[in-house]
Amino acid sequence: MSGFSAGWLALREPYDRAARNATVLDAVASAFLDQTAISVVDLACGTGSTLRAVGPHLPPRQNWLLVDNNLSLLAQVATPPGLPQLSVITRPVDLARDLELALDGPLDLVTASALLDLVSAEWLDRLIIEAAARRLPVYAALSYDGRTVTDPAAVFDAELLAGFNLHQRTDKGFGPRSGRARQHAPWSDSSTSGTQSCRDARIGCSGPDDRSIQETLFADWAGLGALTTTMSADEIAQWLAQRRACLAQGRSSLRVGHVDIFARPTGMR
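Quick notes on the rules
- Residues numbered from 1 in each chain as written.
- Predicted model: local features only at pLDDT ≥ 70, side-chain atom pairs only at ≥ 80, totals over all residues.
- Heavy atoms only, no water.
- Phe/Tyr/Trp six-rings, centres within 6.5 Å; stacked < 30°, edge-to-face > 60°.
- Helix = DSSP H or I, 4+ residues; strand = E, 2+ residues; numbered from the N terminus.
- Buried < 20%, exposed > 50% of the residue type's maximum accessible area, 1.4 Å probe, protein only.
- Salt bridge = Lys/Arg side-chain N within 4 Å of Asp/Glu carboxyl O.
- Contact = heavy atoms within 4.5 Å.
- Pairing = 2+ DSSP bridges.
- Right-handed = clockwise from strand over helix to strand, strands pointing away.
- Axes fitted to C-alpha atoms, helices over the stretch in contact; angles between N-to-C directions.
- Parallel < 35°, antiparallel > 145°, perpendicular 65-115°, else oblique.
- Core = buried A, V, L, I, M, F, W, Y, C linked by side-chain atoms within 4.5 Å.

### Focus on the packing of aromatic side chains
The description of an aromatic ring pair rests on the distance of the ring centres and on the angle between the ring planes.
Then, in step 1: Under the definition given, this model contains five aromatic pairs.
Then, in step 2: Considering the side-chain rings of Phe218 and Trp239, the 5.7 Å spacing of their centres and the 90° angle between planes classify their relative orientation as edge-to-face. Of the two residues, Phe218 sits in helix α9 (residues 211-228) while Trp239 sits in helix α10 (residues 233-248), which places them 21 residues apart along the sequence. As far as the burial class goes, Phe218 and Trp239 line up, both buried.
Then, in step 3: Where Trp221 meets Trp239, the ring centres are 5.9 Å apart and the plane angle is 15°; that geometry is what we call stacked. Placement of the pair is Trp221 in helix α9 and Trp239 in helix α10, with a sequence separation of 18 residues.
Then, in step 4: A residue is classified by how much of its surface remains accessible, and Trp239, at 0% relative accessible area, is buried.
Then, in step 5: Linked through ring pairs, Tyr144, Phe164, Phe218, Trp221 and Trp239 together constitute an aromatic cluster.

Structure follows, in structure tokens:
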């Protein structure tokens, strides 16, 4: 499903790593404290940022299956240092069609990052059902929750953010989007009895010194604004110029909200 470039993934990776909710990540680590080995499948892996962020918190002997439908990103997967007993296999998989194939085999954990905010309710139900049937815990992090705060505020921030959020809700290859209420609490209803979940929300920050990622995001908002808002080209250009001026003056910051969840079967070993 990946429609992201390696350059964009590399730019955002340090911010994603810092934004991971420590409480939820600690719950993941604690679940496997008594194990010396673990097998993990990472869905929509990109270049392996989840492996690099989560691997150091897991048992020393690790087998990772990294799946994505983007062959270019799979070819650029990089492993983290300091994990001498790490084994990594990359596999091209169309997760919209072949999710069940990705979950086959001996596994201890399913991971995904910045994925649940891109999928349909039907696909999410498939993941929940398949994980429950296999008694697999799921760690899904960095699901965008629609909260974005710019500082200082600029004219048309609200309109362009609304346009960006509207675009986020379009089909990303998994069918009609699930809606944030569903994506953020998918393991808390009666269809998933027999699971325990740990979830929390957090705001990831980029400050005045983080110009590159803010410039990229603001330019993206402006590009989408022509498609998702009623603003004129002049109004969009005015907004982008104002945001860039704040960046040039070193007084721009951006906060983006997300939710992390770890759902595990009760009585999991």
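Read on, since the account is not over.
### Notes on the pattern of salt bridges
It is possible for side chains of opposite charge to pair when their charged atoms get near one another.
Then, in step 1: Scanning the model with the defined rule gives 10 salt bridges in all.
Then, in step 2: Linking Glu13 and Arg17 is a salt bridge whose minimum nitrogen-to-oxygen distance equals 3.8 Å. In this pair, Glu13 and Arg17 both sit in helix α1 (residues 6-19), four residues apart, roughly one turn of the helix.
Then, in step 3: A single salt-bridge network, built from bridges that share partners, covers Glu13, Arg17 and Arg52.

### Some points on the environment of Leu160
Then, in step 1: Position of Leu160 relative to the elements: it lies in helix α7 (residues 157-168).
Then, in step 2: What makes Leu160 buried here is its relative accessible area of 0%.
Then, in step 3: In contact with Leu160, not counting residues within four places along its chain, are Trp221, Ala222, Gly225, Met231, Ile236 and Trp239.

### What to know about the pairing of strand β1 (residues 37-43)
Then, in step 1: The element β1 is extensively covered by neighbouring structure, given that six of its seven residues are classed as buried.
Then, in step 2: Bridge analysis of β1 against strand β2 (residues 61-68) gives seven bridges, and the strand direction is parallel. Bridge assignment links Ala37 to a residue of β2, and that residue is Arg61.
Then, in step 3: Each parallel crossover has a hand, and the one from β1 via helix α3 (residues 49-54) to β2 is right-handed.
Then, in step 4: Two elements, β1 and strand β4 (residues 109-113), share four bridges in a ladder whose sense is parallel. Each bridged residue has a counterpart across the sheet, and for Asp42 the counterpart in β4 is Thr111.

### A few points about the packing of α7 against α9
Then, in step 1: Remark: α7 packs on α9, axes separated minimally by 8 Å, with the N-to-C direction vectors making an angle of 80°. Between α7 and α9, the angle falls in the class roughly perpendicular. Together, Leu160, Leu161, Gly163, Phe164, Leu166 and His167 of α7 and Asp220, Trp221, Ala222, Leu224, Gly225 and Thr228 of α9 make up the contact between the two elements.

### So, the nonpolar core
Then, in step 1: Membership of the largest hydrophobic core comes to 25 residues, with the highest contact counts inside it found for Val41, Leu43, Val67, Leu95, Trp123 and Leu127.
Then, in step 2: Of all the elements in the fold, those that place two or more residues in this core are β1, β2, α5 (95-103), β4, α6 (121-133) and β5 (138-151).
Then, in step 3: For this core, the leading source of residues is α6, giving five residues.
Then, in step 4: In this structure, Val41 is in contact with Leu65, Val67, Ala102, Leu103, Leu107, Leu109, Val110 and Thr111, ignoring residues within four places of it in sequence.

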